[in-house]
Amino acid sequence: MKCEICNVRDAEAVYTEVVDGVAKQIHICKVCALEKGLDFLFSPEKEEGGFVCNVCGLTWEEFEANWRLGCTACYNVFGDKLRRVLESIHKSTRHVGKSPEKDREVFELKKRLEELKRRLSVAVDEERFDRAAKLRDEIRMLEEEIAKRRERRAKNV
Amino acid sequence: MFDIEPLKIFWLESLGEYSEVIISTRVRLARNISGYPFPSRATREDREKVREEAYSALSQINLFRGALWTEMDGLHSLDRQFLMERHLISKEMLSNGVGGGLMVRRDEDLGVMVNEEDHLRLFALCPGFAPQDAYIKVNELDDLLCLELDIAFHKDYGFLTSCPTNVGTGMRVSVLAHLPGLVVTKRIREVVNWLRESGYSVRGIYGEGSQVVGNIFQISNHLTLGKEEEEIVEGVERVVKKIVSREYEARQQIYLSARLEIEDKIWRAYGTLSHARLVSSEELLGLLSLVRMGVGLGILKGISLQDLNKVMICAQPAHIQKVEGEQMGPVIRDQRRATIIRSFLKGGIGL
């Protein structure tokens, strides 16, 4: 098979590109791969191959063919290979968004905290400074309480 | 079986911002339950267990009091298609329903698909342009769900998903945009390219792998990892606002340069929709595009965009067959479609 980038040299590797969430397999030669910064396709690690998830049995080849992981463990099993895939899709390998709050009590406290903060901004807008000061104290106490519970939980884990 | 009245869509009763251009906004969050393989690798037994767990958690949540729950396995293919036409389940669930489930509020503005590509796909729908509102709604549901279920979360990668394109926030914000102005003035290619280069996807009306019909485009964020949810929402807001203003410009330009021709086309489209006796799906979307633009330009008065939004959903094949309670061939369907369209447009303009 010819390289699908230059259409001249023989393809020596396959990589997957995602366009609009659809995975497309592209056969590529060594020269084009190097030009596109895809040299890892030819790194020794690639040749080792044969990675298999010990939890769900998914192989790296299956993943490359279907673009679906088998289970949550795959994310650790496929280690650096997967990290590079994520880097190429998202230009990042670190989640910075929301994390799930699994502790119901902490969750309730956080809800309460949001409500107090909302009230505080209303009080400030209305120039009711006595009330605002009171709310600020409450907020501080609540934040300490949440931090304490978090610490306690971290120790238990 | 489920009871949804085919010709009523409550969440489309109101109109959101920029409704002449943006039909609706959807935010979805992909989530998985720890301890089970992802659906594509799960056995029937796994899928059923996931559904059981999901159902018992979802039914604890107040937001779903009185909501509708339906399981895909036993569902007739016509019913599944009906749910897809309403954007409540995806294409993927049409063909593979093993262990599939859907929890949705009566207003159909908030729901969860079970065992789609991921164990859970939480979604919120809003009319018009409302990424912020839709996110707040679905995030509230997510908060509550995280208390009930052990949701898979990785310290580096965030929420884990079956496809690596969704990992991190698991969030996709998408809007359905009606862009006839950009299509007619041939600027659409440039706009689509710009969107793609800026990290946004552009697809047809049913998302992944679907065709663009009726000048309707689905625009959504592409990246899900390395950005905060609010950042993703703001990003979509920013690009969509730009597109909306370019669309308004294009419409004005067409109108100024060929006013009579445009008015004629719009009135003819309205004439056909309000009088034709046979209308195919494809023809409907083409005509609807013109009528919608006519309403936007203020040429057609007395027709509501709400009705146009509803007719777009309710005149699809499975809807027509649900209304009639029977399966039917294409010609009869085109006839019933014409009747449904007239019933929506009735009370529009006195002729």
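Residues numbered from 1 in each chain as written. Chains lettered and ligands numbered in written order. Predicted model: local features only at pLDDT ≥ 70, side-chain atom pairs only at ≥ 80, totals over all residues. Heavy atoms only, no water.

*Asks:* Where do I start with the overall build of chain A in this structure?
*Replies:* On a plain count of helices and strands, chain A comes out with seven helices and two strands. Helices and strands in chain A line up, N terminus first, as β-β-α-α-α-α-α-α-α. Summed over all atoms, the accessible surface of chain A reaches about 9800 Å², with 49% contributed by carbon and sulfur. (Helix = DSSP H or I, 4+ residues; strand = E, 2+ residues; numbered from the N terminus. Areas by Shrake-Rupley, 256 points an atom, 1.4 Å probe, with all protein chains shown as cover.)

*Asks:* I tried to follow the pairing of strand 9 (residues 200–203) of chain B on my own but got confused; where do I start?
*Replies:* The side chains of a regular strand alternate, first on one face of the sheet and then on the other. Residue and element names in this part refer to chain B. Of the two faces of strand 9, both are covered, the one formed by Tyr200 and Val202 as well as the one formed by Ser201 and Arg203. Of the pairings in the sheet, the one linking strand 9 to strand 10 (residues 216–221) comprises four bridges and is antiparallel in character. In the sheet register, Tyr200 faces strand 10, and the bridge partner there is Asn221. (Buried < 20%, exposed > 50% of the residue type's maximum accessible area, 1.4 Å probe, protein only. Pairing = 2+ DSSP bridges.)

*Asks:* I keep staring at the side chain of Ser162 of chain B and nothing clicks. Help me out?
*Replies:* With respect to the helices, strands and loops of the structure, Ser162 of chain B is situated in the loop between strand 7 (158–159) and strand 8 (171–178). According to the relative accessible area criterion, Ser162 of chain B is buried, its value standing at 0%.

*Asks:* Looking at this model, I keep getting lost on the environment of Thr70 of chain B. Mind explaining?
*Replies:* Position of Thr70 of chain B among the secondary structure elements: in strand 2 (residues 68–71). Not counting chain neighbours up to four residues away, the residues in contact with Thr70 of chain B comprise Phe2, Leu75, Leu83, Gly100, Gly101 and Leu102 of chain B. (Contact = heavy atoms within 4.5 Å.)

*Asks:* How do you make sense of the sheet that holds strand 1 (residues 22–31) of chain B when you look at a structure like this?
*Replies:* Across a sheet, paired strands are connected by hydrogen bonds in the backbone, their directions being either parallel or antiparallel. Residue and element names in this part refer to chain B. Here eight strands make up an open sheet; going across it, the order is 2-3-4-5-1-8-10-9 and the pairing antiparallel. Strand pairing shows two members of the sheet lacking a second neighbour, strand 2 and strand 9, which therefore form its edges. In this sheet, adjacent strand axes meet at a mean angle of 20° when their direction is disregarded. Relative to strand 10, strand 8 runs antiparallel, the two sharing five bridges. By the bridge assignment, His178 is partnered in strand 10 with Ile216. Where helix 7 (residues 229–257) meets the sheet, its contacts fall on strand 1, strand 8, strand 9 and strand 10, and the angle it forms with strand 8 comes to roughly 10°. (Axes fitted to C-alpha atoms, helices over the stretch in contact; angles between N-to-C directions.)

*Asks:* Looking at this model, I keep getting lost on the domain arrangement of chain B. Mind explaining?
*Replies:* For interface size, the figure often reported is the accessible area lost on association. Residues and elements named next belong to chain B. Along its sequence, chain B is carved into domain 1 (10–250) and domain 2 (259–345). The straight-line distance from the C-alpha centre of domain 1 to that of domain 2 is 26 Å. Contact residues are listed per partner, giving 23 residues for domain 1 and 18 residues for domain 2. Across the interface of domain 1 and domain 2, roughly 2000 Å² is buried in total on both sides, 66% from carbon and sulfur atoms. Ranking the residues of domain 1 by area buried against domain 2 places Leu12, Leu78 and Glu85 at the top, with a combined share of 28%. Taken together, domain 1 and domain 2 are joined by two salt bridges. The salt bridge partner of Lys322 is Asp79, with a shortest N-O separation of 2.6 Å. Considering only residue class, the side of domain 1 that touches domain 2 consists of 10 nonpolar, eight polar and five charged. (Domains from an automatic or database assignment. Buried area = accessible area lost by both parts, 1.4 Å probe. Salt bridge = Lys/Arg side-chain N within 4 Å of Asp/Glu carboxyl O. Nonpolar A, V, L, I, M, F, W, Y, C, P; charged D, E, K, R; others polar.)

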